[in-house]
Amino acid sequence: MFINWGLGELNLKIVYYGPALSGKTTNLQYIHARTPPHMRGRLISLKTQQERTLLFDFLQLEMGKVHNLKPKFKLYTVPGQVYYAASRKLILQGTDGVVFVVDSQAGRLADNQESWYTMEQHLVELGHDLSTFPIIVQYNKRDMPHVLSVSELKRQLAVDGRPQFEAAAARGAGVFDTLKAAMNAVIGQVKTAIR
Amino acid sequence: MTRSQLVLGPSQLNDLRTALAQLGQQADVYLAMIADFSGQDIVSWQNRHDLDTSSIAALAAGDMMATLEVGRMLGGKRACNLIVQEHDELTILIARVGEGLLLLLGTAKDVPLGWSRLALKRTGDRILAVIGSAAPSAPPPALSDDFASSFAAQLDSIW
Ligand SMILES: Nc1nc2c(ncn2[C@@H]2O[C@H](COP(=O)(O)OP(=O)(O)OP(=O)(O)O)[C@@H](O)[C@H]2O)c(=O)[nH]1
Ligand SMILES: [Mg+2]
């Protein structure tokens, strides 16, 4: 978070986190495609030749003024592939909220659990209190065959009490519900942070 | 509050702008920018007006963090933190300032590296003095209770 009272700007960071291929980049691509151009910057993707995220994707959203303050959101994705662990922690630095993108396919359960666990570890290492830190859960790929039920995923990931949304990000379903919940949660936290 | 939260008042912002502008006027500088490790662009000075400083800040922070991590994995102690890119037409330096900030300087090719390094060091010290100085002079307006609900309403009107 960076508050610039000189310009009346509130700069906030949200990171899309989750296992490889769960659809993090797809969320940002859809947001970029469906947001009025004057409100968004370029979508920057540091990716491999196979379209896999290498370091991060980045997209800035500039909201209209609210009570003389202009909120700006920097959205990032982390690379989900296992061997990019070091990068993931770097990207989480300074984040004000996380969207955890779950791959709902039954065969990906262990990857989701592993990713969730390391995310919590990183957040704790970065000094966050998990009981208050905004984490929004997105159950993605609901359109795929062989997905686990939401109640089963909820139980397996122990995400009780977190805002949760079903999504099929490739066609946009649930993408903005998730984003709005994340933005609202982060704004809610700013209030307590600056008192 | 976590370490990465930064709050700047109008006078601090002004002091930082002045420091960058002075840097920019001493040589053929394209861009001088302060960002933080979370990728926030804090303030910048440029003699072109088309640079996407938000994206540059995000990338420079990623670059610096990745470089530091490579150093750490090789056993470095995070002492010297400078990234240099030499292009045909320009030179770009990214230096770490204090714990969590970075200063990016883009100059014409003929500006000597030695000058740039010294300038980065001096400006870095000035930046730390400003950031470390007293709290913002104008008290920040508190976020009123209906800030969050006005914000939520705006989101619903966009998407
Ligand atoms: N059917 C379906 N496919 C999806 C959905 N979301 C993403 N995909 C596809 O899944 C693949 C991976 O999506 P990405 O967004 O690149 O995944 P990622 O999480 O960014 O992956 P990494 O960068 O490797 O961590 C792409 O082919 C997407 O089109 C979805 O909701 N349904
Ligand atoms: Mg990706």
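In case you missed it, the structure is sitting above this.
Residues numbered from 1 in each chain as written. Chains lettered and ligands numbered in written order. Predicted model: local features only at pLDDT ≥ 70, side-chain atom pairs only at ≥ 80, totals over all residues. Heavy atoms only, no water.

**Student:** Describe the nonpolar core, naming the residues involved and giving the relevant values.
**Tutor:** Leu61, Phe73 and Met183 of chain A are the most contacted members of the largest nonpolar core, which totals 36 residues. Among the elements that take part in this core, helix H5 (residues 175-194) of chain A stands out by supplying nine residues, more than any other. Every residue in contact with Met183 of chain A, bar those within four places of it in the chain, is listed here: Ile14, Leu61, Met63 and Phe73 of chain A together with Phe151, Leu155 and Trp159 of chain B. By size, the runner-up hydrophobic cluster in this structure holds 27 residues, among which are Ile91, Leu109, Trp116 and Val150 of chain A. (Core = buried A, V, L, I, M, F, W, Y, C linked by side-chain atoms within 4.5 Å. Buried < 20%, exposed > 50% of the residue type's maximum accessible area, 1.4 Å probe, protein only. Helix = DSSP H or I, 4+ residues; strand = E, 2+ residues; numbered from the N terminus. Contact = heavy atoms within 4.5 Å.)

**Student:** Requested: an account of the environment of Leu69 of chain A, with residues and values cited.
**Tutor:** Relative to the elements of secondary structure, Leu69 of chain A occurs in the loop between strand S4 (53-62) and strand S5 (70-77). On the accessibility criterion, Leu69 of chain A (4% relative accessible area) is buried. For the pair Leu69 of chain A and Asp143 of chain A, spaced 74 residues apart in sequence, the C-alpha separation works out to 39 Å. Leave out the neighbours within four places in its chain, and Leu69 of chain A touches Trp5, Gly8, Glu9, Leu10 and Gly64 of chain A together with Leu143 and Phe147 of chain B.

**Student:** Before we move on, can you summarise the packing of helix H1 (residues 10-25) of chain B against helix H3 (residues 113-132) of chain B with the specific residues and values?
**Tutor:** Residues and elements named next belong to chain B. It is at 10 Å that the axes of H1 and H3 come closest, and there the two elements cross at 170°. With respect to H3, the element H1 is oriented roughly antiparallel. Mapping the contact onto sequence places Gln12, Asp15, Leu16, Thr18, Ala19, Leu20, Gln22 and Leu23 in H1 and Trp115, Ala119, Thr123, Arg126, Ile127, Val130 and Ile131 in H3. Its residues assigned to classes, the contact of H1 with H3 comprises nine nonpolar, four polar and two charged. (Axes fitted to C-alpha atoms, helices over the stretch in contact; angles between N-to-C directions. Parallel < 35°, antiparallel > 145°, perpendicular 65-115°, else oblique. Nonpolar A, V, L, I, M, F, W, Y, C, P; charged D, E, K, R; others polar.)

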